[in-house]
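Structural characterization, general
So you can see what is in the structure, the chains are spelled out below.
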Amino acid sequence: MDTAIAGQLQEQIAQEQEDKRQLQAQIGQLQAQIAQEQEDKRQLQAQIGQLQARIAQVIEEMGQIPAQIAQEQEDKRQLQAQIGQLQAQIAQEQEDKRQLQAQIGQLQARIAQVIEEMGQIPAQIEFLQTRRHKVDVTLDADTAHPRLEISDDGKSVKDTGIIRKVPSKEKRFDSHTFVLAKEGYTSGRHYWEVDVGKRSSWALGIARESVTRKGTVTPSPKNGFWVIGFADGQEYWAHSDPWTRLSVSGKLQKTGVFLDMSAKKLSFYNVHKKTALYTFTLGGDSSQEEKFFPFFSTGPAAAKPDAEPLRIAQEFDDDDE
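An account of the accompanying structure is given in this report.

Cut-off values and rules
Residues numbered from 1 in each chain as written. Predicted model: local features only at pLDDT ≥ 70, side-chain atom pairs only at ≥ 80, totals over all residues. Heavy atoms only, no water. Helix = DSSP H or I, 4+ residues; strand = E, 2+ residues; numbered from the N terminus. Rg over C-alpha atoms; globule rule 2.2 N^0.38 Å. Buried < 20%, exposed > 50% of the residue type's maximum accessible area, 1.4 Å probe, protein only. Lys, Arg positive; Asp, Glu negative; His and termini not counted. Charge placed at Lys NZ, Arg CZ, Asp CG, Glu CD. Pairing = 2+ DSSP bridges. Core = buried A, V, L, I, M, F, W, Y, C linked by side-chain atoms within 4.5 Å. Contact = heavy atoms within 4.5 Å. Phe/Tyr/Trp six-rings, centres within 6.5 Å; stacked < 30°, edge-to-face > 60°. Salt bridge = Lys/Arg side-chain N within 4 Å of Asp/Glu carboxyl O.

This part is about the overall build of the protein. In terms of helices and strands, the protein carries one helix and 13 strands. In the protein, the succession of helices and strands from N to C terminus is α-β-β-β-β-β-β-β-β-β-β-β-β-β. At 60 Å, the protein has a C-alpha radius of gyration far larger than the 20 Å of a compact globule built from 321 residues. Each of the 321 residues in the protein was classed as buried or not, and the buried ones make up 31%. Positive and negative side-chain charges in the protein, numbering 39 and 47 respectively, have mean positions lying 16 Å apart.

Right, dumping it as structure tokens:
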């Protein structure tokens, strides 16, 4: 019985020792687990510290954002101001460029005008030289159509609009409002000027002494007339074969006529511009013995004629020189 008890006690002791060993093992495991938990806690604390530092950094950075926004806005305002200044400068440059281009255009126009004026100098010199051959022209009332009235001094003619009672003359034009000068020319150089004023129709030039005076006749070189004229207040024509339209700047106020018998030429001039209008070459078959007379016409015989007469200029105006 004692042996049995002893055996039981030993078994109980062995069991207690096994339990103790297992408990010690559990304690070791728990201590290891505690150590692991402590390590995890340390790492978590470290992470928390990092997160707190990052949060503080973010908060600090967020605190700087308004200042950065304000700075960006200020930079943007300055850039916009610079853009505005550059745009204004560009606009000024464009305006300066436009003004320079306008000045260049004006200078080019002026240069062209000067070149044109210089190109006209020879013609103007020629015109002034022709004026040296001025002759005194007087209208011959005995050649004038009955509608025409010649001034007492023989220097102007106008269409009265009525058939007047005039002496019957062989040399009088009876179908057209024509009149010739008293003196004709067979040689030499002869220049005269006619003030056409504001008339809407007229014709000027020369006619051979032998031209048809009775009945209808068309003024043309083949009929013995070398003339230019103004028709219906619109166009200027040289009565050549066929007619030639003349290029005239503005409206003629005074017309110069130059007959050069030696050169067999008849030239017309714009007195104000001092430029040539047209030149006829007199036919080679024209007899040098036949006279050529200054020719004048008040234009077609209208029902309501121009009141202003054609006037032969007696003196050359200073401003025409």
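Quick look at the sheet that holds strand S5 (residues 202–208) now. Spatially, six strands are ordered S3-S12-S5-S6-S7-S8 in an open sheet, and the strand pairing comes out antiparallel. Of all the strands in the sheet, the pair left with one neighbour each is strand S3 (178–180) and strand S8 (244–245). Here six bridges tie S5 to strand S12 (residues 292–297), and the two strands are oriented antiparallel to one another. Bridge pairing in S12 places Arg208 opposite Phe292.

Right, let's get into the nonpolar core. Counting 36 residues, the largest nonpolar core has Trp192, Trp202, Leu259, Leu266 and Phe296 as its most contacted members. Once residues within four sequence positions are removed from consideration, Phe296 is found in contact with Val137, Leu139, Thr177, Phe178, Val179, Ala181, Trp192, Val194, Ala203, Leu204 and Ile312.

Turning our eyes to something else, we now look at the packing of aromatic side chains. Overall, the coordinates contain twelve aromatic pairs when judged by the stated rule. Aromatic side chains Trp226 and Phe292 sit 5.6 Å apart centroid to centroid with 55° between the ring planes, which places their arrangement in the tilted category. Taken as a pair, Trp226 in strand S6 (residues 225–231) and Phe292 in strand S12 lie far apart in primary sequence, 66 residues in all. For Phe292, a relative accessible area of 2% puts it in the buried group. Feature note: the residues Phe173, Phe178, Phe225 and Phe295 constitute an aromatic cluster, connected by ring pairs.

Moving on, we get to the environment of Ala144. Among the structural elements, Ala144 can be located in the loop between helix H1 (2–130) and strand S1 (148–150). Taking the relative accessible area as the measure of exposure, Ala144 reaches 1% and is therefore buried. Separated by 32 residues in the primary sequence, Ala144 and His176 place their C-alpha atoms 9.1 Å from one another.

Glancing now at the pattern of salt bridges. Taken as a whole, this structure holds twelve salt bridges when the rule is applied. Across the pair Asp136 and Lys155 runs a salt bridge whose closest N-O atoms are separated by 2.4 Å. Here Asp136 is found in the loop between H1 and S1, whereas its partner Lys155 is found in the loop between S1 and strand S2 (156–159), with 19 residues between them in sequence. Of the residues examined, Asp136 reaches a relative accessible area of 59% and is grouped as exposed. With its nearest N and O atoms 3.9 Å apart, the salt bridge here joins Lys158 to Glu149. Glu149 gets classed as partly exposed once you look at its relative accessible area, which sits at 32%.

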